[in-house]
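Analysis of the macromolecular model
Spelled out, the chains give:
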Amino acid sequence: MTLSVSPPNPRRLAAAERARAEKLARQKTALDASPTAWRAWFDGSAHPNPGRIGIGGLLAGPAGERIEISRRAGHGSSGDAEYLALIALLETAVQMRVPELLVHGDSQVVIHDVLQQAANAKGLEAHRARATQLMSLLSQVALRWIPRHKNGEADRLSQQAAGLGD
């Protein structure tokens, strides 16, 4: 008996990705008003670019919890650094079983790539796959782009990890 497997239908995959992105956009609004939602910020640094990567993240819970992430993450580009920071933040949220999470980041490339609002970022496909896998493990998660000047704490943590901070 021969079993044949058909390749995935590209239209069906694209429709599923759009549906997931639309769901994330709707959750953002609901999480803004939720008193039980955790808030999070991420940032990555590569010095030079490409170069040594430092990642930073901050998780803030509704009862005043505060978890900082600041560590080196190898060598790569600024896109790698940003994605690795998001992944570290999501891994921590999954480990802590955070029920609702609103994530902020200043990387338009990463935010738009995860939300499928722009063409896929070349060379970052594995990072996107890992981030979306982790997001699927959380009950509710939403991503929001913020300007760099509103992401100071995560930036400080990533710079510190890269050996450039205080």
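Residues numbered from 1 in each chain as written. Predicted model: local features only at pLDDT ≥ 70, side-chain atom pairs only at ≥ 80, totals over all residues. Heavy atoms only, no water.

**Describing the nonpolar core**
Most often, soluble globular proteins keep nonpolar side chains buried together rather than apart. Membership of the largest hydrophobic core comes to 32 residues, with the highest contact counts inside it found for Phe42, Leu86, Leu90, Leu101, Val103 and Leu143. Those elements that provide at least two residues to this core are β1 (38-47), β2 (51-60), α2 (78-95), β4 (100-105), α3 (108-114), α4 (125-136) and β5 (140-145). Once residues within four sequence positions are removed from consideration, Leu101 is found in contact with Leu31, Trp38, Arg39, Ala40, Leu59, Leu90, Ala93, Leu138, Gln140, Val141 and Ala142. (Core = buried A, V, L, I, M, F, W, Y, C linked by side-chain atoms within 4.5 Å. Buried < 20%, exposed > 50% of the residue type's maximum accessible area, 1.4 Å probe, protein only. Helix = DSSP H or I, 4+ residues; strand = E, 2+ residues; numbered from the N terminus. Contact = heavy atoms within 4.5 Å.)

**With respect to the confidence of the model for the chain**
Caution applies to low-pLDDT regions: their predicted coordinates should not be interpreted in detail. This prediction gives the chain a mean pLDDT of 86; 79% of its residues lie at or above 70. Predicted confidence in the chain is weakest over helix α1 (residues 10-33), with a mean pLDDT of 64, and strongest over α2, with 97. Across residues 1-5, where pLDDT falls below 50, the model places zero contacts with residues more than four positions away in sequence or in other chains. (pLDDT = per-residue confidence, 0-100.)

**Remarks on the environment of Pro62**
When you line up the elements, Pro62 lands in the loop between β2 and β3 (66-76). By relative accessible area, which is 43% here, Pro62 ends up partly exposed. For the pair Pro62 and Trp38, spaced 24 residues apart in sequence, the C-alpha to C-alpha distance is 5.9 Å. In this structure, Pro62 is in contact with Pro35, Thr36, Ala37 and Trp38, ignoring residues within four places of it in sequence.

**Some details on helix α5 (residues 152-161)**
Within the sequence span of α5, burial applies to Ala154, Asp155, Leu157, Ser158, Gln159 and Ala161. Buried residues along α5 sit in contact with β1, β2 and β3. Looking one or two places after α5, you find Gly163, whose phi comes out positive at around 85°.

**Things to note about the sheet that holds β3**
Read from one edge to the other, the open sheet built from five strands follows the order β3-β2-β1-β4-β5, with strand pairing classed as mixed. Two strands in the sheet have a free side with no partner beyond their single neighbour: β3 and β5. Going from strand to strand, the sheet's axes swing by 20° on average, the running direction of each strand aside. When β4 meets β5, the two strands line up parallel, connected through six bridges. The residue of β5 that forms the bridge with His104 is Arg144. (Pairing = 2+ DSSP bridges. Axes fitted to C-alpha atoms, helices over the stretch in contact; angles between N-to-C directions.)

**Digging into the pairing of β3**
Looking at chain direction, β2 and β3 are connected through nine bridges and run antiparallel. Considered in β3, the bridge of Leu58 is made with Glu68. The hairpin turn running from β2 into β3, its antiparallel successor, is five residues long, and Gly64 in that turn takes a positive phi close to 90°.

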